[in-house]
Amino acid sequence: MQDSTPYAVGIDVGGTKTHLRALAGGGRVVDRVRASTGWRPHDPGAAADWLTALVHDALPAGTRPSAVAVGGHACETPRQCEGIRAALQERLGAPALVVGDAALLVPAAGLEKGVGLVAGTGSVAVGRLPDGGPVQVGGWGAALGDEGGAAGLVREAARAVWAAHDRGEEPDALATGLVAAFGVAEVPALGAALEAATDVSAEWGRHSPVVFAAAEAGSPLARAVIADGGRALAALVVRLAGRGVSVDDVVVAGGTVLAQPALYQAFTSALAESLPGARPRPLRVPPVEGALALARSLL
């Protein structure tokens with residue numbers, strides 16, 4: 001017998017993996033994780049088709065979504081998210097909401113307002129104005145920004161060792177670590193290695209452990225890069241505060257900042273200095289919980 005009970009559906013589309021969680025009456029839960037391969041957020045129709053197929057594949061036969069909320073990686077503007085939302089709602093015949101993936105953090109933490117800060121491969125911070133309008137700062141990719149994210153840290157580390165080389169200093173633990181990680185013979189060759197990356201964020205970012213290992217080994221250059229990264233993350237929150245966003249609570253997520261105590265400490269210290277009233281809160285539940293909370297708010 002088919003189950004016709006409607007499900008509230010939350011979806012967290014990350015850069016690498018996608019997490020869907022659905023809740024029906026009686027507490028029945030569907031939980032699925034899959035690769036984000038095929039996610040095309042800059043094509044609203046293709047993105048909506050991808051999400052529709054994901055929902056249909058995940059829910060039991062005969063069921064339907066009562067509401068769907070999506071936090072989408074690289075969904076960077078309200079106009080872009082609205083395009084996906086309209087197409088998705090038309091396909092599913094249910095209320096839908098689409099936001100950037102960082103916007104899931106505050107509801108995932110059980111809060112109504114605050115800042116969501118992500119520092120994983122990249123970095124971004126989001127919040128809402130007093131009138132409810134969304135605001136995003138950062139998130140511009142490794143070539144231009146993403147300071148404090150894994151790829152940005154590697155970029156700044158390379159700059160630091162190049163500057164040290166130009167000053168005539170002997171390679172330290174950071175320089176030797178980067179040379180080994182990128183498989184080159186010497187510091188000057190790092191430029192060509194970085195430029196050869198086809199996926200800049202992913203290929204640079206995977207070498208970020210070198211920066212933290214060098215700092216632990218005593219590299220002043222690596223420690224300075226980490227400290228600067230922490231200050232850059234705090235600066236994202238300061239920018240949001242300057243635009244009128246409530247920054248009393250800052251919900252922090254991301255595989256770089258939460259996995260690396262040195263970076264998290266650098267961030268919280270810089271935040272305390274710049275915005276003493278802001279409270280950093282590491283997210284302890286999957287961000288998809290925020291998508292599910294938003295879906296249920298649509299009912």
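Thresholds applied
Residues numbered from 1 in each chain as written. Predicted model: local features only at pLDDT ≥ 70, side-chain atom pairs only at ≥ 80, totals over all residues. Heavy atoms only, no water. Helix = DSSP H or I, 4+ residues; strand = E, 2+ residues; numbered from the N terminus. Rg over C-alpha atoms; globule rule 2.2 N^0.38 Å. Buried < 20%, exposed > 50% of the residue type's maximum accessible area, 1.4 Å probe, protein only. Expected span 1.5 Å × (residues − 1). Contact = heavy atoms within 4.5 Å. Disulfide = S-S within 2.5 Å.

Caption draft 1: Structural context of the overall build of the protein. Across its full length, the protein holds eleven helices and ten strands. The globule rule puts the C-alpha radius of gyration for 299 residues at 19 Å, and the 21 Å found for the protein is close to it. By principal-axis analysis of the C-alpha atoms, the protein measures approximately 75 × 40 × 30 Å. A total of 299 residues make up the protein; the buried ones form 49% of that total.

Caption draft 2: Molecular detail of helix H10 (residues 261-274). Here H10 is 14 residues long and its end C-alpha atoms lie 20 Å apart, about the 20 Å a rise of 1.5 Å per residue gives. Elements in contact with the buried residues of H10: strand S6 (115-119), helix H4 (150-166), helix H8 (208-216), helix H9 (220-242), strand S9 (249-253) and strand S10 (279-282).

Caption draft 3: The state of the cysteines, seen in detail. Applying the stated criterion across every chain yields a total of one disulfide. Disulfide pairing places Cys75 opposite Cys81 at an S-S distance of 2.3 Å. Take Cys81: its relative accessible area is 7%, and that puts it in the buried class.

Caption draft 4: View of the environment of Gln136. Relative to the helices and strands, Gln136 resides in strand S8 (residues 134-138). Given the relative accessible area of 25%, Gln136 is considered partly exposed. Linking Gln136 and Gly116, residues 20 residues apart in sequence, is a C-alpha distance of 9.5 Å. Each residue touching Gln136, except ones within four places of it in the same chain, is listed here: Cys75, Glu76, Val124, Ala125, Val126 and Arg243.

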